[in-house]
Amino acid sequence: MLNEIEEAGSDKRTFFELLGGEENGTQNIRLLVETFYDIMDSDPKAKPIRDMHQSDLTSAREKLFMFLTGWTGGPQLYIERYGHPMLRKRHLPFAIGESARDQWMYCMIKAMHQLEYDEALMKKLANQLYGVADFMRNQQGH
Ligand code: HEM
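Below is a short write-up of the structure. (Residues numbered from 1 in each chain as written. Predicted model: local features only at pLDDT ≥ 70, side-chain atom pairs only at ≥ 80, totals over all residues. Heavy atoms only, no water.)

**Concerning the pattern of salt bridges**
Following the criterion strictly, the structure yields nine salt bridges and no others. With a shortest N-O distance of 2.8 Å, Asp43 and Lys110 are connected by a salt bridge. Placement of the pair is Asp43 in the loop between helix H2 (21-42) and helix H3 (47-50) and Lys110 in helix H7 (residues 98-114), with a sequence separation of 67 residues. Its relative accessible area of 10% is what places Asp43 among the buried residues. The salt bridge partner of Asp134 is Arg137, with a shortest N-O separation of 2.7 Å. Under the relative-accessibility criterion, Asp134 is labelled partly exposed at 25%. Residue Arg137 is classed as partly exposed on the basis of its relative accessible area, which comes to 25%. Because the salt bridges share partners, they merge into one network encompassing Arg101, Asp102, Asp134 and Arg137. (Salt bridge = Lys/Arg side-chain N within 4 Å of Asp/Glu carboxyl O. Helix = DSSP H or I, 4+ residues; strand = E, 2+ residues; numbered from the N terminus. Buried < 20%, exposed > 50% of the residue type's maximum accessible area, 1.4 Å probe, protein only.)

**Quick look at the coordination of the iron atom of the ligand**
Coordination of the iron atom of the ligand by the protein involves just one donor, His91 (NE2), at a distance of 2.0 Å. Counting through the fold element by element, His91 comes out in helix H6 (residues 87-91). (Donors = N, O, S within 2.8 Å, 3.2 Å for Na, K, Ca; no water.)

**Overview of unusual backbone geometry**
For Met86, which is not glycine, the phi dihedral falls at a positive 40°. As for its position among the elements, Met86 is in the loop between helix H5 (77-82) and H6. Phi is positive for Glu116, close to 55°, though the residue is something other than glycine. Mapping Glu116 onto the fold places it in the loop between H7 and helix H8 (119-135).

**With respect to the site of the ligand**
Taken together, 21 residues are adjacent to the ligand, and Gln54, Lys63, Tyr78, His91 and Trp104 come closest. In the model, an oxygen atom of the ligand is placed 2.9 Å from a nitrogen or oxygen of the Gln54 side chain. Here an oxygen atom of the ligand sits 2.5 Å away from a polar atom, N or O, in the side chain of Tyr78. Elements with a minimum of two residues in the shell around the ligand: helix H4 (58-71), H6, H7 and H8. It is H4 that contributes the most residues to the shell around the ligand, four residues altogether. Along the lines of polarity and charge, the residues of the shell around the ligand split into 15 nonpolar, three polar and three charged. (Near = heavy atom within 4 Å. Polar contact = N/O pair within 3.5 Å; in protein donor to acceptor, adjacent residues only side chain to side chain. Nonpolar A, V, L, I, M, F, W, Y, C, P; charged D, E, K, R; others polar.)

**Notes on the side chain of Arg61**
By the secondary structure assignment, Arg61 is in helix H4. Given the relative accessible area of 15%, Arg61 is considered buried. Excluding residues that lie within four positions of it along the chain, Arg61 makes contacts with Val33, Glu34, Tyr37 and Asp38. (Contact = heavy atoms within 4.5 Å.)

**Some words on the environment of Gly131**
Within the fold, Gly131 resides in helix H8. Owing to a relative accessible area of 39%, Gly131 belongs among the partly exposed residues under this scheme. Sequence spacing of Gly131 and Gln27 is 104 residues, and the spatial spacing of their C-alpha atoms is 24 Å.

By themselves, these observations are geometric and do not establish any function.
Listed below in structure tokens is the structure:
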């Protein structure tokens, strides 16, 4: 799956295109988000961040799906529905330090492994998401 990645640097395609584009991009992002939250919901390593979320993850799943679709370069589903994401501000109610950031990334990388993402795509996507996750930090240290 997703093994058509060109050499780094020569690839100008968006993540959305790399994830399947118009035909499959939204389904693939949906699958990534469902897998991500299934992991967060069951893996003891992610329990601290799972506990920050509402018991029902339905809306978190839907919102992350909508956000990531636009963020990867696909249709701006989140913005069309909710306006500017103001993600950092929306995360201020939650105490996010290094360990919460790392738990979030752990779930995302585990999801990409489970879905057998191409190694090059996984690295690029994980790097970009790490930047966003790190930006959410609102606590010094752990
Ligand atoms: C760094 C660690 C992170 C933690 C601990 C965290 C935690 C949370 C929590 C607790 C919520 C509320 C969910 C609910 O309603 O139950 C939330 C919402 C959300 N998160 Fe995160 N998050 C993190 C990183 C990220 C990242 C990296 C992204 C995007 C790439 C993201 C995107 C979102 C979105 C789109 C929402 C919904 C916002 C809204 O419209 O209310 N989060 N997050």
